[in-house]
Amino acid sequence: MKSTTQKTWAIAGGIAIALTTHQMVQAQSKTSVFECAGCDLRGVDMSVKKYLDRNLSGAILRGANLRGANLSNVVFLGADFTGADLRGTTLTNTFFTGGAKLQKADLRGARMEGTFFTNADLQNADLRGAVLTDGSLENTNLRGAKVEGMVMDAFFCRTTMPDGTMRNDNCP
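A quick note: this is a predicted structure, and the numbers were derived from the prediction, not measured.

The rules behind these values
- Each residue is numbered by its place in its chain's sequence as written, counting from 1.
- Only residues with pLDDT of at least 70 get local features here, since the model is predicted, and only at 80 or more are side-chain atom pairs given and counted; chain-wide, interface and lining totals rely on the full set of residues.
- Calculated side-chain values reflect all of the structure's heavy atoms, with hydrogen atoms and water omitted.
- To count toward a patch, a residue needs a relative accessible area over 30% and no salt bridge; like charges are then connected within 9 Å, while nonpolar side chains (Val, Leu, Ile, Met, Phe, Trp, Tyr) are connected within 5 Å.
- Where accessible areas are quoted, they stem from the Shrake-Rupley method and a 1.4 Å probe; at the residue level, only the protein chains shown are allowed to cover.
- The salt bridge definition used is simple: a Lys or Arg side-chain nitrogen within 4 Å of an Asp or Glu carboxyl oxygen.
- Here a strand is any run of E in DSSP of at least two residues, a helix any run of H or I of at least four, and the numbering for each starts at the N terminus.
- A 3.5 Å cut-off defines polar contacts: any pair of N or O atoms within that distance qualifies, except that in protein one atom must be a possible hydrogen donor and the other a possible acceptor, and neighbouring residues in sequence count only when both atoms are side-chain atoms.
- Any two residues whose heavy atoms approach within 4.5 Å are treated as being in contact.
- Think of it in three bands: with a 1.4 Å probe and only protein chains considered, a residue is buried below 20% of the maximum accessible area for its type, exposed above 50%, and partly exposed in between.
- Two strands pair if DSSP finds at least two bridges between them.

I would appreciate a short explanation of a nonpolar patch on the surface in the present structure.
Residues V75, L77 and F95 make up a contiguous nonpolar surface patch of about 230 Å² in total accessible area. Within the fold, F95 resides in strand β4 (residues 95-96).

Right under this line is the structure:
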């Protein structure tokens, strides 16, 4: 992982601190309470780590490597995962809401149980072999997404499917 001088603001134990991206990733594993809402983590290698019970709302994770990471119980309100590598991630009770961007994200083989995509954009994402159970795709864009072999046992409401059709199976 390359170090950078770009500063990221984070909350650790209730105290605001400025960290380089490299320091932030190191601190994440040493701090029991770590919030990173709005952090700029573009291109950072965060693979094969556990990021449980975090708030990464508004985080910029464009092109980040999260391959094999456990992102359970994380809130990604308005986060940007454009082009991120999320292959094989565990996303249990994870929330991608409020305009979360996952365009061209690679979610092949991701395990998503109780994962909620609300007002999320997964246009041209790669979801081949992913499993989504007990979750939802509400007001979510899947146009152009690759979904071959994907299991989608979820709530659908105003969901734009890969072929551009609208799926409203569960709308009130």
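What's the story with the side chain of T82 in this structure? I'm lost.
In this structure, T82 sits in the loop between β3 (34-35) and β4. Within the local environment of T82, its side chain forms a polar contact with the side chain of D80, the two groups lying 2.6 Å apart.

It is not clear to me how the side chain of T94 should be interpreted in this structure. Could you clarify?
Inspection of the secondary structure assignment puts T94 in the loop between β3 and β4. There is a polar contact of 2.6 Å between the side chain of T94 and the backbone oxygen of L71. Each residue touching T94, except ones within four places of it in the same chain, is listed here: L71, S72, N73, V74, F76, G114, T115 and F116.

Is there a simple way to think about the environment of M46 in this case?
Residue position: M46 is located in the loop between β3 and β4. By relative accessible area, M46 is classed as buried at 3%. Distance in space between the C-alpha atoms of M46 and N65 is 5.6 Å, their sequence separation being 19 residues.

What should I look at first to understand the pairing of strand β7 (residues 131-138) in this one?
Sheet faces and side chains relate simply in a regular strand, where the side chains alternate between the two faces. Alignment of strand β5 (residues 111-113) against β7, held across three bridges, turns out to be parallel. Bridging from a neighbouring strand, M112 pairs with L132 of β7. Relative to β7, strand β6 (residues 116-118) is paired through three bridges, and the arrangement is parallel. In the strand pairing of β7, T118 is matched with E138. Inspection of the sheet shows β7 paired to strand β8 (residues 151-157) by seven bridges, in the parallel sense. The residue bridging T133 from the neighbouring strand is D153, located in β8.

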